[in-house]
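For reference, the chains in residue letters:
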Amino acid sequence: MSLKGKLLGIAGAEIAKKINAKGFVDNVVNNLSEKAAKTNGIKSINEYKKKEDKNYMVFKIPSATIGTMINVFRDPYKAIEKFGSMYQFCDMEGNVKYTSDFDTGLISDRETVTLYDEKKNKYGKVKEYFISVGIPLFEKEVKKCSVDFEKNNLCKLKKYVSFGELGFETLEGKMHIECSDEKKKKYKIKKGNKIIAKVNELPPKFIDGLAEHYIMEYENVEDEKIITLMVVALNILMSN
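Residues numbered from 1 in each chain as written. Predicted model: local features only at pLDDT ≥ 70, side-chain atom pairs only at ≥ 80, totals over all residues. Heavy atoms only, no water.

### Section: helix α5 (residues 224-238)
For α5, built from 15 residues, the straight-helix expectation of 21 Å at 1.5 Å per residue is met to within 8% by its first-to-last C-alpha distance of 21 Å. Within α5, 13 of the 15 residues are buried, which leaves the element mostly enclosed by the surrounding structure. (Helix = DSSP H or I, 4+ residues; strand = E, 2+ residues; numbered from the N terminus. Expected span 1.5 Å × (residues − 1). Buried < 20%, exposed > 50% of the residue type's maximum accessible area, 1.4 Å probe, protein only.)

### Details of the pairing of strand β1 (residues 55-63)
Judged by how many residues are buried, β1 sits mostly within the fold: seven of nine residues are covered. With nine bridges joining them, β1 and strand β12 (residues 209-218) adopt antiparallel strand pairing. Of the residues in β12, the one forming a bridge with M57 is M216. As paired strands, β1 and strand β2 (residues 88-90) are joined by three bridges and run antiparallel to one another. (Pairing = 2+ DSSP bridges.)

### Focus on the side chain of K190
Mapping K190 onto the fold places it in strand β10 (residues 186-191). Here the side chain of K190 touches E178 through a polar contact of 3.1 Å, side chain to side chain. Contact partners of K190, with chain neighbours within four places excluded, come to K174, M175, H176, E178, I195 and I196. (Polar contact = N/O pair within 3.5 Å; in protein donor to acceptor, adjacent residues only side chain to side chain. Contact = heavy atoms within 4.5 Å.)

### A short note on the environment of V58
Position of V58 among the secondary structure elements: in strand β1. The class of V58 is buried, set by a relative accessible area of 3%. C-alpha of V58 to C-alpha of K97: the two residues are 39 residues apart in sequence and 9.8 Å apart in space. Not counting residues up to four positions away in its chain, the partners in contact with V58 are I45, Q88, F89, C90, M92, E212, Y214, I215 and M216.

### Regarding the nonpolar core
If you look at the biggest cluster of nonpolar residues, it comprises 42 residues, and the most contacted ones within it are F89, V147, L157, I189, M216, M230 and V231. Apart from residues lying up to four places away in sequence, M230 is in contact with V147, C155, L157, M175, H176, I177 and I189. Grouped together as the second largest cluster of nonpolar side chains are six residues, Y56, V58, L202 and I215 included. (Core = buried A, V, L, I, M, F, W, Y, C linked by side-chain atoms within 4.5 Å.)

### A few points about the packing of aromatic side chains
Scanning the entire structure with this criterion turns up six aromatic pairs. Taking 5.3 Å as the distance between ring centres and 45 degrees as the angle between the ring planes, the aromatic pair formed by F59 and Y87 counts as tilted. Placement of F59 in strand β1 and of Y87 in the loop between α4 (76-83) and β2 is noted, with a sequence separation of 28 residues between them. Each member of the pair, F59 together with Y87, is buried. Centroid distance Y187 to Y214: 6.3 Å. Interplanar angle 85 degrees. Geometry classified as edge-to-face. Of this pair, Y187 sits in strand β10 while Y214 sits in strand β12; the two residues are 27 residues apart in sequence, bridging distant segments of the chain. The exposure class assigned to Y214 is buried, which follows from its relative accessible area of 1%. Counting every residue linked through ring pairs, the aromatic cluster contains F59, Y87, F89, F168, Y187 and Y214. (Phe/Tyr/Trp six-rings, centres within 6.5 Å; stacked < 30°, edge-to-face > 60°.)

And the structure:
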């Protein structure tokens, strides 16, 4: 490359850096992400029409802008160090209600998430299985996890894809996850035959911080802790 070409390349890189420093690229990416989500019927958090007789929480996960080294935020321990929690559950005003830490095994990269209330009291744990096996030839992308609530096993769950359709199965316990609309990424959490929460995925957002990932609608505040555990389980089962 000629000296002129090198100088133009350096100048172009500096211009791109300055543009991105002002958040231009990140704004474009977030706008495109939201538009793509809307084409599938996925609403943003501001589009939800909240009902007076319902309660709402938002589940947040670590995110990063395009201008930030994404690997820093993909490291769970970096996320805990920076934000004080791997995941957060907040009310609609942004007040933190529940937090979590995160651990991985020495041999595997399987997740173990412990949840805490506002007083930092531990109330439950979600643990991904080291080995997740489904029915040969019929089930793909199988993942399993167990959910403990107040030192007791709440349930064991499995996610799979069979003939192109997403499915969930309860292996033990009376808690269930159902996918009511795979395209719009809508889910239901059930205790026995009763729906205790509706969970909707939100459009991906790239920010340096914790970004909204799911919004939950539910009736009984008494079910909140169980709902948070099941949402973490859903997030683990749906993660790549």
